[in-house]
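Per-entry structural report
Now for the letters of each chain:
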Amino acid sequence: MPSGLTRRIEAVQPSATLKITALAKQMRAQGKKVINLAGGEPDFDTPAFIKQAAIAAIEGGATKYTPTTGLPELKQAVADAFRKFSGLSFSPAQVAVTSGAKQALYNAIQALIQEGDEVLMPSPYWVSYPEMVRLAGGTPVEVRTRPADGFRLTAEQVASACTSKTRCLLLNSPANPTGAVLNEATLKAIGRIALEKGLWVISDEIYARLSFDGPARSILAVLPELAPQTLIVDGVSKAYAMTGWRIGFLAGPEKVVAACGRLQDHATSCPSHISQRAALAALTGEQGPVEAMAREFKKRRDLLVERVGRIRKVKLAAAPAGAFYAFLDISGTGLDADALAERLLKEAEVAAVPGSGFGWTDHLRVSFCLDTKEMLVGLDRLAEFTEKLK
Ligand SMILES: Cc1ncc(COP(=O)(O)O)c(C=O)c1O
């Protein structure tokens, strides 16, 4: 029997979001009427014209490898989309297509981070950031935001977290799990610190198109001088309801993007050719479905904020301005997030993600990517359940 797993993999935590969703699915399979407030993907179907493009791709023989970093016409479409939707200027050579935004982040961190490097990340953070940094040998450094600031990172917080070892700053606006969106002034101030300290910036903009109170700006659009040290991560997963198609994008300095391509050469090769054709249709076709989905999420956001406001033991610091999550303070329930999430699922049949996975044990993430009626029933159950707690 060979000896066990590597230290590297032993240190990796399972994803808190995937774990609770799997448990909820299992309970549903047993016939239980679980309400899923734990989801991390739009409940909308991929628009029909995108599916048709994939069917046509299969029938037309687009079933072979493409270049590792994507079809040239898709890279061009991604560059065009960055210009059109985010005001960013990239050449196709500065773009790589990846198997989901997750792979774009993973590649970027592998390319830039090594032993001894500290990576700043606003906390609450998306579950995978610290694990990706650890897998690269780096040290994740939480920069805790304040609920009173609506969980929006401030430049002062970034400045005071910097040390001589700080190498990179991870940004995520709109954010998972809080829905916080950074305004132009804050992005500029944070960007200036990155310039002054010579930090890499990896900006995860996967929720950029789902912003409810005005557009979510990209740090690179507000401070173009950052271009030589900034990587932008995006993809079709959330905006086009295409999570299962696994197409993400990485854009930035050509040398770094090419390095990420070399990693991809030896890891996964190209993303699915069929999915790339579908993504091409998504980016170049009718954008109405994206706008309709964003409008619907905004409506649900408003309903959720109103309903949560009536739950006595749960608090929401600020209305989420983007994405499709709200991060609820559950300290008034007397339970920590893991215990509450487990009991809520087992006793009230509502799935929600404990904040511990995002670095906060007194918060719970609920999402509004489910039918409105079901969402409201789920929140009512949360109210009843927490009311019953001693
Ligand atoms: C903040 C954030 N970044 C990246 C991803 C990964 O996206 P993809 O499904 O395209 O890999 C997610 C998915 O939940 C996310 O919430």
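Residues numbered from 1 in each chain as written. Predicted model: local features only at pLDDT ≥ 70, side-chain atom pairs only at ≥ 80, totals over all residues. Heavy atoms only, no water.

1. Topic: the pairing of strand 4 (residues 139-144)
Looking at chain direction, strand 3 (residues 118-123) and strand 4 are connected through six bridges and run parallel. What sits directly across from valine 119, in strand 4, is proline 140. A crossover links strand 3 with its parallel partner strand 4, the connecting element being helix 6 (residues 128-135), and its sense is right-handed. (Pairing = 2+ DSSP bridges. Helix = DSSP H or I, 4+ residues; strand = E, 2+ residues; numbered from the N terminus. Right-handed = clockwise from strand over helix to strand, strands pointing away.)

2. Structural notes on the sheet that holds strand 10 (residues 325-329)
The four strands are arranged 9-10-13-12 in an open sheet whose pairing can be described as antiparallel. The sheet is open, and its two borders are formed by strand 9 (315-316) and strand 12 (353-354), each paired with just one other strand. Both strand 9 and strand 10 contribute to a ladder of two bridges, which runs antiparallel. If you follow leucine 316 over to strand 10, its bridge partner there is leucine 328.

3. Regarding the site of the ligand
Around the ligand, a shell composed of 14 residues is seen, among which Asp204, Tyr207, Ser237, Lys238 and Arg246 lie nearest. Between the ligand and alanine 101, the relevant distance is 2.8 Å, taken from an oxygen atom to a main-chain nitrogen or oxygen of the residue. Aspartate 204 places a side-chain nitrogen or oxygen 2.6 Å from a nitrogen atom of the ligand. Here the ligand loses 92% of its free accessible area of 390 Å² to cover by the protein chains. Of the residues forming the shell around the ligand, the biggest block, four residues, is contributed by helix 5 (residues 100-112). Here the residues of the shell around the ligand sort into six nonpolar, four polar and four charged. (Near = heavy atom within 4 Å. Polar contact = N/O pair within 3.5 Å; in protein donor to acceptor, adjacent residues only side chain to side chain. Areas by Shrake-Rupley, 256 points an atom, 1.4 Å probe, with all protein chains shown as cover. Nonpolar A, V, L, I, M, F, W, Y, C, P; charged D, E, K, R; others polar.)

4. A short note on helix 11 (residues 273-284)
Residues spaced three or four apart along an α-helix point in a common direction, a consequence of the helix completing one turn every 3.6 residues. Here helix 11 contains twelve residues, and its C-alpha end-to-end distance of 17 Å stays within 8% of the 16 Å for a straight helix at 1.5 Å per residue. The element helix 11 is largely enclosed, with a buried count of nine among its twelve residues. Buried within helix 11 we find His273, Ser275, Gln276, Ala278, Ala279, Leu280, Ala281, Ala282 and Leu283. (Expected span 1.5 Å × (residues − 1). Buried < 20%, exposed > 50% of the residue type's maximum accessible area, 1.4 Å probe, protein only.)

5. Some details on the domain arrangement of the chain
The domain architecture assigned to the chain consists of domain 1 (7-46 + 288-388) and domain 2 (64-284). On a C-alpha basis, the centroid separation for the pair domain 1 and domain 2 is 25 Å. Taking both sides of the interface into account, the surface hidden between domain 1 and domain 2 amounts to around 3000 Å²; carbon and sulfur atoms contribute 63%. A per-residue breakdown of the area domain 1 buries against domain 2 is headed by Val290, Phe358 and Trp360, which together make up 21% of the total. The interface formed by domain 1 and domain 2 contains one salt bridge. In this structure, the salt-bridge partner of aspartate 213 is arginine 301, at a minimum N-O distance of 3.0 Å. Counting every contact that joins domain 1 to domain 2 gives 16 residue pairs in polar contact (both at pLDDT 80 or more). When residues of the side of domain 1 that touches domain 2 are traced back to their parent elements, those giving at least two are helix 2 (16-29), helix 12 (288-308), strand 10 and strand 13 (363-367). In terms of residues, the side of domain 1 that touches domain 2 owes the most to one element, helix 12, which gives six residues. In terms of residue class, the side of domain 1 that touches domain 2 is built from 21 nonpolar, nine polar and six charged. (Domains from an automatic or database assignment. Buried area = accessible area lost by both parts, 1.4 Å probe. Salt bridge = Lys/Arg side-chain N within 4 Å of Asp/Glu carboxyl O.)

6. Some words on the packing of helix 12 against helix 14 (residues 372-388)
Closest axis-to-axis distance for the helix 12/helix 14 pair is 11 Å, and the angle between their directions is 20°. One finds that helix 12 runs roughly parallel with respect to helix 14. Helix 14 is crossed by helix 12, and the crossing has right-handed handedness. Contacts between helix 12 and helix 14 involve Glu296, Arg300, Leu303, Leu304, Arg307 and Val308 from the first element and Thr372, Met375, Leu376, Leu379 and Asp380 from the second. When the residues that make up the contact of helix 12 with helix 14 are grouped by side-chain class, the tally is six nonpolar, one polar and four charged. (Axes fitted to C-alpha atoms, helices over the stretch in contact; angles between N-to-C directions. Parallel < 35°, antiparallel > 145°, perpendicular 65-115°, else oblique. Left-handed = near helix turned anticlockwise from the far one by under 90°. Contact = heavy atoms within 4.5 Å.)

7. Some thoughts on the packing of helix 5 against helix 6
Packing of helix 5 against helix 6 leaves a shortest axis separation of 9 Å and a crossing angle of 35°. Crossing of helix 5 against helix 6: the hand is right-handed. Counted together, Lys102, Leu105, Tyr106, Ile109 and Gln110 of helix 5 and Ser128, Tyr129, Met132, Val133 and Leu135 of helix 6 form the full contact between these two elements. Broken down by class, the residue content of the contact of helix 5 with helix 6 amounts to seven nonpolar, two polar and one charged.

8. A closer look at the pattern of salt bridges
Taken as a whole and judged by the stated rule, the model has 18 salt bridges. Here arginine 28 ties to glutamate 374 by a salt bridge, and the two come within 3.7 Å at their closest N and O atoms. Taken together, the residues arginine 28 in helix 2 and glutamate 374 in helix 14 connect sequence positions 346 residues apart. According to the relative accessible area criterion, glutamate 374 is partly exposed, its value standing at 31%. The partner of arginine 300 in a salt bridge is glutamate 296, with the nearest N and O atoms 3.2 Å apart. Taken together, the residues span about one helical turn, with arginine 300 and glutamate 296 both in helix 12 at a distance of four residues. Owing to a relative accessible area of 21%, glutamate 296 belongs among the partly exposed residues under this scheme. Counted as one network, the salt bridges with shared partners bring together Asp43, Glu296, Lys299 and Arg300.

9. A look at unusual backbone geometry
In this structure, proline 124 follows serine 123 across a cis peptide bond, with omega equal to 5°. Serine 173 connects to proline 174 through a cis peptide bond whose omega is -5°. Within the secondary structure, proline 174 sits in the loop between strand 5 (166-172) and helix 8 (184-197). Here the phi dihedral of arginine 246 falls at roughly 60°; this positive angle occurs in a residue that is not glycine. Among the secondary structure elements, arginine 246 is positioned in the loop between strand 7 (230-235) and strand 8 (248-251). Here the phi dihedral of alanine 323 falls at roughly 60°; this positive angle occurs in a residue that is not glycine.

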